[in-house]
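# Fold and geometry: a report
Here are the chains, one letter per residue:
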Amino acid sequence: MAIEELIRIGETIYNKYIDDWKKEGKRVIGYTCSYAPEEILQAAGLLPIRLKAIGSSETSKADVYMPKFHCTFSRHLLDQGMSNAFDFVDGIVFVNSCDQLRRMYDVWNKLVKFPYQTIMVMPYSYDKEDFEWYLEHEVKKLKSDLETAYGAKITDSSLSESINIFNETRNLQARLYEMRGAKEPRINGVDTHKIITAATSMPKKKYNELLKASLEELKKRPGITDYRARILIGGSMIDEPELLQVIEDAGGLVVADVLCTGTRWTTDKVETDGDPLYAIAKRYYDHQPCPRMTMVYERKRDFVLDQAKKNQVDGAIFSKIAFCDHHSGDNVLYQEDLEKEGIPSLLLDRDYRITDVGRFRTRIEAFFEKLGK
Amino acid sequence: MKPVPKELEGIELFQRYLTTFNLINIALTNFKTVEDLMAAAPEILKTLPEYDVGVFQSLRPDIVIAAFHPKNRNVVLKCAQAQIKFWQGIIDDIKADKPQLDFWFAQGPELFRALGFSPLCTETTLVASAIYQDGCEDATDLFRSKGFADHICTANVAYPGYVMNGNWKVPHVMVKPGTPCPSSNLAYQAIKKWYGNDYIMYDSTYYLDEKGLAHQTDAIRRAIAKLEKISGQKLDEAVLRQQMKESNQTYALCGELLELRKNKPNPDPGMHRILDLLMMVTLLGEPSCTEYFQLLVDEAKERVAKGVGAIPEGKKEIRALHTWALNAYMPDLYHWLEETYGMTYLTCGLSYFVNHQVDTSSADSMVEGWAQRIMNFTMERQSMSFGDVWVDDMFYLAKNWDADCGIFAGNLSCKQGWAMSKLLGDRLEDELGIPSVRFEIELCDKRTCPPDEFKHRIGSFVETILTNSKKRV
Amino acid sequence: MHFSIGMDIGLVGIKGVVMKGENIVAQVVKDTGVRPALAAKECYEQLLSDADISSDKIQAHGVSGWGSKTLSFDFDIEYLPDVVCLAKGAKWACPTSRMVVDVGAQTAKVARFDGNGSVKKYELSDKCASGTGRFLEIMSAALGLKVNNLGQIGQAASKLVEISSQCSVFAESEIISYVNTGEKTEDIVNGINYSIAKRVSTIIMRVGIQEDIIITGGVAKNDAVVRYIEEMVKVRFKDYGVDPQMIGAIGASLTAQQT
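Conventions adopted
Residues numbered from 1 in each chain as written. Chains lettered and ligands numbered in written order. Predicted model: local features only at pLDDT ≥ 70, side-chain atom pairs only at ≥ 80, totals over all residues. Heavy atoms only, no water. Helix = DSSP H or I, 4+ residues; strand = E, 2+ residues; numbered from the N terminus. Rg over C-alpha atoms; globule rule 2.2 N^0.38 Å. Buried < 20%, exposed > 50% of the residue type's maximum accessible area, 1.4 Å probe, protein only. Contact = heavy atoms within 4.5 Å. Areas by Shrake-Rupley, 256 points an atom, 1.4 Å probe, with all protein chains shown as cover. Lys, Arg positive; Asp, Glu negative; His and termini not counted. Charge placed at Lys NZ, Arg CZ, Asp CG, Glu CD. Pairing = 2+ DSSP bridges. Axes fitted to C-alpha atoms, helices over the stretch in contact; angles between N-to-C directions. Salt bridge = Lys/Arg side-chain N within 4 Å of Asp/Glu carboxyl O. Parallel < 35°, antiparallel > 145°, perpendicular 65-115°, else oblique. Left-handed = near helix turned anticlockwise from the far one by under 90°. Nonpolar A, V, L, I, M, F, W, Y, C, P; charged D, E, K, R; others polar.

## Quick look at the overall build of chain A
When helices and strands are tallied, chain A shows 16 helices and eight strands. At 20 Å, chain A has a C-alpha radius of gyration in line with the 21 Å of a compact globule built from 373 residues. For chain A, the spread of C-alpha atoms along the principal axes amounts to about 60 × 50 × 40 Å. Looking at chain A as a whole, 69% of its 373 residues qualify as buried. Here the analysis covers contacts within chain A between residues at least 6 apart in sequence; of these, 75% occur between residues at least 24 apart. Carbon and sulfur atoms make up 49% of the accessible area of chain A, which totals about 12,300 Å². One finds the centroid of the 54 positive side-chain charges in chain A at a distance of 1 Å from the centroid of its 59 negative side-chain charges.

## Remarks on the sheet that holds strand β6 (residues 252-257) of chain A
Sheets are built from strands that pair by backbone hydrogen bonding, the pairs being arranged parallel or antiparallel. All names here are of chain A. Spatially, the four strands line up as an open sheet ordered β6-β5-β7-β8, and their pairing is parallel. If you trace the sheet from one side to the other, it starts and ends with β6 and β8 (345-350), each paired once. Averaged over all neighbouring strand pairs, the angle between strand axes comes to 30°, with direction disregarded. Judged from the six bridges that link them, strand β7 (residues 315-321) and β8 form a sheet pairing that is parallel. Each bridged residue has a counterpart across the sheet, and for Ala316 the counterpart in β8 is Ser345. Packing of helix α11 (residues 242-249) onto the sheet brings it into contact with β5 (229-235), β6, β7 and β8, and relative to β6 it is tilted by some 135°. In the packing of helix α15 (residues 325-340) onto the sheet, contacts are made with β5, β7 and β8, and the angle to β7 comes to roughly 170°.

## Some points on the pattern of salt bridges
All names here are of chain A. Across all of its chains, the model carries 90 salt bridges over all chains by this definition. Here Lys194 ties to Glu11 by a salt bridge, and the two come within 2.6 Å at their closest N and O atoms. On the criterion of sequence distance, the pair formed by Lys194 in helix α9 (residues 189-198) and Glu11 in the loop between α1 (2-9) and α2 (16-23) is long-range, its members being 183 residues apart. Notably, a salt bridge pairs Arg103 with Asp106, separated by 2.8 Å at the nearest N-O pair.

## What about the packing of helix α7 (residues 128-150) of chain A against helix α11 (residues 210-231) of chain B?
Their axes nearest at 11 Å, the elements α7(A) and α11(B) cross at an angle of 165°. With respect to their mutual orientation, α7(A) and α11(B) come out roughly antiparallel. Seen from above, α7(A) lies across α11(B) with right-handed handedness. Facing α7(A), whose interface residues are A:Glu129, A:Asp130, A:Trp133 and A:His137, α11(B) presents B:Lys211, B:His215, B:Asp218 and B:Arg222. The class makeup of the residues in the contact of α7(A) with α11(B) is one nonpolar, two polar and five charged.

## Re the pairing of strand β1 (residues 100-103) of chain B
All names here are of chain B. Side chains Gln100 and Asp102 project from β1 onto one buried face, and the interleaved Leu101 and Phe103 project onto a second face that is buried too. As paired elements, β1 and strand β2 (residues 118-121) share four bridges and run parallel to each other. Looking across to β2, one finds that Leu101 is bridged to Pro119. Pairing of β1 with strand β3 (residues 173-177), which is carried by three bridges, proceeds in the parallel orientation. Note on β3: the bridge partner recorded for Phe103 is Val175.

## A short note on the packing of helix α12 (residues 237-260) of chain B against helix α16 (residues 363-375) of chain B
All names here are of chain B. Where α12 meets α16, the closest approach of the two axes is 10 Å, and the angle between their N-to-C directions is 40°. When the axes of α12 and α16 are compared, the pair comes out oblique. Like other packed secondary-structure pairs, α12 and α16 cross with a definite hand, here left-handed. Contact residues: α12 offers Glu237, Leu240, Arg241, Met244, Ser247, Asn248 and Tyr251, while α16 offers Ala363, Met366, Trp370 and Arg373.

Here it is as structure tokens:
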């Protein structure tokens, strides 16, 4: 079944699809943030894979360099890098996402060497000139650097082809999200998250085929009705959906999210008319923003409120990876604004991976009680 | 947090600062020693208004004692006298409803004056941290009580706390570069959401080269256009020129002072570094700022001529480079280190001002020069760009100023600084043979590393590595 | 030969020795309890009585440890930096050693020193309980076990339950989760031992690994932790025939003699 296949792929960092790709003599490129313009990487003939620290249980190698109060995602990632877990990639594109990830790159650059590794700089402000600078100095530079590093030629037609494939991915994912957000969803939050994550772990073309088939399979499934509460989740990025599992084990159903590894990654599409490189740059610059973009709080809030209402949620659960500043800044404000709309929220602190399930279960069950569910 | 009396609504903190600097002025002008002051205090207090008495009693004794030390007193007095005028000016401007502009510290106020604003640096909350027994932890806690994390920089979140409580008037506009840092960005975001004031963020360059300068200059030009709309006043070239000519002189003296610290022993007392920062963010562009640095330079030169330093005569010097920055809640620590261990203060990530002279021939050249200064402003330069910049700068300073050790008393919330601390320490050790110590503090919150623990951390380091001898207590 | 006394005031225990030159005459360990000053006094008196000498025979007193500066004594005493004492004691216990790893209740310390016992570099654990004896205390309490038995219990494990929480508060609830999901106690203990060994190894790697290394402090008595650290940093700790938690006190005594 296609669904099971995608769910399985969503739990991996390396899998047979990547293996097949490599066996054809083609290259793989890693990236660390949803601000990395994947379409360009793919247009260079590379397979873009988002680096995840799936299965990483410790950070002791990274901890030699980074203190305990550095975010655990950065440290798990660095630790995995130092432990050769990403040796299947041929290069990496980092982004100056936040202080913790950009400094992780600075340390990585000293300790882990890939033939090609770079950091892309994303401005913090929204003037059109800032966008032009980004297009000119970061996006075009990435394109020419990739061409040099991999002897590839990135053409308008390869970019357009790439855009079409990604847009299809995002269209199909939007349909999956619609099913998840239905009154009687045909799929739960955990499986949805894994299916979405799978898109970052395999070639998109193949993914689209499997997702299309999955959507057909889902249509035949009965809707889920025996849930206590409809929940929106937000906050720091999630790879392994342990938190969603706890919520759903406690009887909740995750019907919406505002995660960069979820809805925010898949929502915005690239324009198909005009210069393709420009269109890609525009999409990444302008897509539904990360909390790092503090000038556009209203836009971030509207998106949260919109997702909450559209999916008729009973409550929201925002978690942040311990020591993440940006999400701490936003989660509190979202809580205020959701409360005004009569939607209670729960704020949680967690590690990148959740292993102390009991603590979360207690708090989430208490939250459901509070919701009267 | 204590409620603000109606008559001090929006200006309580500034009034407190004004009173404090007035008291410091009276104390240092009229008394030779702290003992003289304390002997006369009961009588003087009887003559002072109740408010002033309260402020006097809230002062941290250690900083008052350190201020009276012969090597410190002239400079502290100079700073206090300049600050009196500054805070009086802020209060007057607020009462006159002049457009108030709150800005993040890594920018000079000159440009904002030329745009018709009353510029106020949001990190001047460090004064409260340094001077009052209660510090600014109450304001920090008030902001955090909304649910914000406890690992957000305390130099940035006392400000929203004071605004929330009414000690600090909501500004017309807030201005900051995009990086650093997450703490200030999220604090400003929250204030804008709650109070609806304008908030202008201009992009900071990640690159410190020519192209980076062009981008930075362009970003600032756009910010100027937005600010002109808010103040309703065009950039006044004459005011800017006068301000930049003045700040050129200040920067030249900063450079000279840094050079003077190459002398052995270092002639420049370490407690003044926090005053340097305060003067730069409040009065840069004004003659009083230049006069302040002139006094520092003159005193340092005088000591060099006499062959003495900022440490007791006969004491062996230990030259310390503070590879993160200073602490705000106990600046007298640096005085204590000089007196106790002969440990002098070379510079740090919050007092390393690189002399950059601005071409004042045109408005364009001045804006570009201002941009150049922002890019190289202490801490801004080291933290907005690649980690190597931080490491390279500290390495350069350690090498050329002949440091004996690196002290990374790192702000817990400054993760981007911490991430480089091990690589920096290794480089100092491997290439220069300089040992380092690293431990966690919080810039404006004494609870993370209380004063005694701070002293103990550095003291043990000195006794363990640097002198290999012990001290009789 | 002169007599000297060294005391190491730890968070959990006060360790004291009487030495005659380089030889131990008496040694005492007392619980620090809630009144460290009283415990220190008792420790001192018991040292004198065990050594069967009067206080006027003691030529030097050295005290170190977290609590040392909060205490006052009615005799002249040297307050000594912990790491200095540790290095001195390590050098005494194992003359060829050049590195010491000390895992105490409150802090883990790693120091590199030269042939004279002078410290060249050291690092302490982060300001949190993970990576210290305190972590073991919290975890053993959560499991209802005695902390001293963790080494033995862990070695009976058939598998490793990995504790991946970074914070000791999170970790405590994590192990309770494992109890609830039916993991065997010994396997969880194995995970706890492994976890603390990881933290300590990280600090060792920060200082830079050195051959001729010894391990001291209360946690050094937990064989399982010691073996794990050896595996992780790929060295073997040198044996020395002294109670590992006495090294700081011995160093304090020796350092005080040299004044």
